[in-house]
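Fold and contact review
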Amino acid sequence: MGNLFLHLGNDNYVNLDTVKLITSANAEKVRKYRTDRKIDKNSDAFFNGSSDKETRSMILFRDGSICTSSVSAKSLQDRANKLVMESKKGQRKVEDIFE
């Protein structure tokens, strides 16, 4: 796919090639996922991209690390699809990525 960066909200971006799964989540679901996989909230395998806002989605990366976002999973999916479609058309601009 190339270097397509998905905007997760709160000035956080991830390389779309590293994303394995985007799912709806709340703080409790994320806490349970972290506990089940023994991922400490202060470890390098976890990034709180929600900041002080409500957690609405969780992103699982190919390396097993996770990130939370205050943006809904549906919105992240729509953004990812738009990036991929525009890159296939060759119409992707830097401004579009960082909107």
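Described in the following lines is the structure provided in the data block.

Turning our eyes to something else, we now look at the packing of aromatic side chains. One pass over the structure, following the stated rule, counts zero aromatic pairs. Cation over ring: arginine 34 sits above phenylalanine 46, and NZ or CZ is 5.1 Å from the ring centre.

Let's shift gears to the pairing of strand β5 (residues 57-61). Counting buried residues along β5, five of its five residues qualify, which places the element largely inside the surrounding structure. Here β5 shows no split at all, with Ser57, Ile59 and Phe61 on one side and Met58 and Leu60 on the other all buried. As paired strands, strand β3 (residues 19-24) and β5 are joined by five bridges and run antiparallel to one another. Within β5, the residue paired with threonine 23 across the bridge is methionine 58. Pairing analysis gives four bridges linking β5 to strand β6 (residues 66-69), with the strands arranged antiparallel. Residue pairing in the sheet places leucine 60 in a bridge with isoleucine 66 of β6.

Moving on, we get to the side chain of threonine 23. Structurally, threonine 23 is set in strand β3. In this structure the side chain of threonine 23 is engaged in a polar contact, spanning 3.4 Å, whose partner is the side chain of lysine 29. Residues within four places of threonine 23 in sequence aside, it is in contact with Lys29, Arg56, Ser57, Met58 and Ala73.

In an α-helix, one turn spans 3.6 residues; hence positions three or four apart end up facing the same way. Here helix α1 (residues 27-36) has its buried residues at Val30, Tyr33 and Arg34. The buried side chains of α1 occupy one side of the element, clustering within an arc of 95 degrees when seen end-on. Tucked into the core, α1 has its buried residues touching β4 (46-48), β5 and β6. Among the residues of α1, the N-terminal cap falls to asparagine 26, whose side-chain oxygen and the backbone nitrogen of glutamate 28 are separated by 3.1 Å. At the C-terminal side of α1, lysine 38 shows a positive phi close to 55 degrees.

Moving on, we come to the sheet that holds β6. Strand order in the open sheet made by the four strands is β3-β5-β6-β4, with mixed pairing throughout. If you trace the sheet from one side to the other, it starts and ends with β3 and β4, each paired once. Direction aside, neighbouring strands of the sheet carry axes that sit 15 degrees apart on average. Running at roughly 145 degrees to β3, helix α2 (residues 73-89) makes contact with β3, β5 and β6 of the sheet.

The rules behind these values
Residues numbered from 1 in each chain as written. Predicted model: local features only at pLDDT ≥ 70, side-chain atom pairs only at ≥ 80, totals over all residues. Heavy atoms only, no water. Phe/Tyr/Trp six-rings, centres within 6.5 Å; stacked < 30°, edge-to-face > 60°. Lys NZ or Arg CZ within 6 Å of the ring centre and 35° of its normal. Buried < 20%, exposed > 50% of the residue type's maximum accessible area, 1.4 Å probe, protein only. Helix = DSSP H or I, 4+ residues; strand = E, 2+ residues; numbered from the N terminus. Pairing = 2+ DSSP bridges. Polar contact = N/O pair within 3.5 Å; in protein donor to acceptor, adjacent residues only side chain to side chain. Contact = heavy atoms within 4.5 Å. Arc of directions from axis to C-beta. Axes fitted to C-alpha atoms, helices over the stretch in contact; angles between N-to-C directions.

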